[in-house]
Amino acid sequence: MIGKLSAWSRTRRKGASTVEFIIILPLFILLCLVIWQLVVAGKAVMDTQAALRDAVRVASVTGDAEKGKAQFKVTFVEDRQYQVDSFEIRIDDDEVKAWAKIRIPLIFMAEKSTFTYRSTAEAPVLNPWKSWAGGPTGPWLTSGGILGPPVRTWILTSRFGPRTDPKYGGRAFHKGIDLAGPLGTPIYAAADGVVVHAGPGTGYGNYIKIDHLNGFQTIYAHMYADQIYVRNGQRVTRGQHIAGIGNAGKSTGPHLHFEVIVGGVKVDPLLYVSRSSVAAR
Ligand SMILES: [Zn+2]
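It should be emphasised that the depicted structure is a prediction, and the values quoted were computed from it without experimental measurement.

Assigned secondary structure in the chain consists of four helices and 16 strands. Residues classed as buried in the chain amount to 31% of the 281 residues present. A sequence separation of at least 24 residues applies to 64% of the contacts in the chain between residues at least 6 apart.

Here it is, written out as structure tokens:
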């Protein structure tokens, strides 16, 4: 009796698993396709949003639509799964507007079958001269430091201004400040912004340049290539660890050469960073 029962149960189960196989497997495959379609579409939408945001931000900071356009190409990760159908960026009346149309393939349909995703973004153009109240020594710039310190502790070995060139002698104008510290000492972004250069530069060894809002830009120089932790086009936040102090380029010892640019003019960084942590030598 028990033997008969177990034999019956085996055949029944076998039958049941065949039914499961016929019904469940195709359903499972269908579900996988649906999930894959959602993943591809989601990735395309996120890429589009990120690229639009970056493009508008760069155009709004620089006031240059072409730079925004170039940034869109850098941020948008185009691959075989989805392509940019059209992208447009324009500046009208100090307002940046960008439109993107992305083609996303439909996995269920015949090849080349796609649907389009449209998105727009806009932001005001940040004109440094309009919003720059009081000039480089204006009151709001020095109150507590509109820029955070680029390193946590340092020794100020050279100030901004005319000086004797430390390497070649002769008079030279020092366009930044030198903050000495051990090799690899973390360097932090002075404010939120977009990296517009991260790589080699004459005299600088390697340097990072960041575009901030209101026309501010900061430069961090003399790093070694392997101690640069950001790439061109990347968005950074104030206090983000972006590099380590190096001794590359025209440098006589491990230090960070730090520059601040306001409205295209290199100015004394000490007017902008919080001075509380500066140990002047
Ligand atoms: Zn320097």
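The next subject is the confidence of the model for the chain. Per-chain confidence: the chain averages 80 in pLDDT, with 79% of residues scoring 70 or above. In the predicted structure, residues 127-144 sits below a pLDDT of 50 and forms 24 contacts with residues beyond four places in sequence or in another chain. Between residues 275-281, whose pLDDT stays under 50, and residues either more than four places distant or in other chains, the model counts twelve contacts.

Quick look at the sheet that holds strand E3 (residues 114-124) now. The three strands lie next to each other as E1-E2-E3, forming an open sheet whose pairing is antiparallel. With partners counted over all chains shown, the strands left at the sheet margins are strand E1 (83-92) and E3, one partner each. Across the sheet, the mean angle separating the axes of adjacent strands is 10° when strand polarity is ignored. Direction of pairing for strand E2 (residues 95-105) relative to E3: antiparallel, over a ladder of eleven bridges. Across the sheet, Ala98 pairs through a bridge with Ala121, a residue of E3. Docked against the sheet, helix H2 (residues 65-75) engages E1 and E2, running at close to 155° with respect to E1.

Counting residues in hydrophobic clusters, the biggest one holds 52 residues, and the most contacted among them are Ala55, Ala98, Ile208 and Tyr220. If you tally residues by element for this core, the top one is helix H1 (residues 2-62), at eight residues. Residue contributions to this core reach at least three from each of two domains, namely domain 1 (18-125) and domain 2 (131-280). In this view, Ala98 contacts Leu52, Ala55, Val56, Gly68, Glu88, Ile89, Thr120 and Ala121; residues no more than four positions away in its chain are not counted.

As a further point, take H2. Within the sequence span of H2, burial applies to Ala65, Gly68, Gln71, Phe72 and Thr75. Buried residues of H2, viewed axially, fall in a sector of 110°; they line one side.

Turning our eyes to something else, we now look at unusual backbone geometry. Even without being glycine, His222 reaches a positive phi, approximately 80°. When you line up the elements, His222 lands in strand E11 (residues 216-223).

Another point: the environment of Asp211. Mapped onto the secondary structure, Asp211 falls in strand E10 (residues 205-211). Note: C-alpha distance between Asp211 and Thr62 (149 residues apart in sequence) is 8.2 Å. When sequence neighbours within four positions are dropped, the list of residues in contact with Asp211 reads Val58, Val61, Thr62, Gly193, Val194, Val196 and Gln217.

Our next topic: the environment of Trp36. By the secondary structure assignment, Trp36 is in helix H1. Note: C-alpha distance between Trp36 and Ile107 (71 residues apart in sequence) is 8.4 Å.

What counts and what doesn't
Residues numbered from 1 in each chain as written. Predicted model: local features only at pLDDT ≥ 70, side-chain atom pairs only at ≥ 80, totals over all residues. Helix = DSSP H or I, 4+ residues; strand = E, 2+ residues; numbered from the N terminus. Buried ≥ 20, exposed ≤ 12 C-beta atoms within 10 Å, placed from the backbone. Contact = placed C-beta atoms within 7 Å. pLDDT = per-residue confidence, 0-100. Pairing = 2+ DSSP bridges. Axes fitted to C-alpha atoms, helices over the stretch in contact; angles between N-to-C directions. Core = buried A, V, L, I, M, F, W, Y, C linked by C-beta atoms within 7 Å. Domains from an automatic or database assignment. Arc of directions from axis to C-beta.

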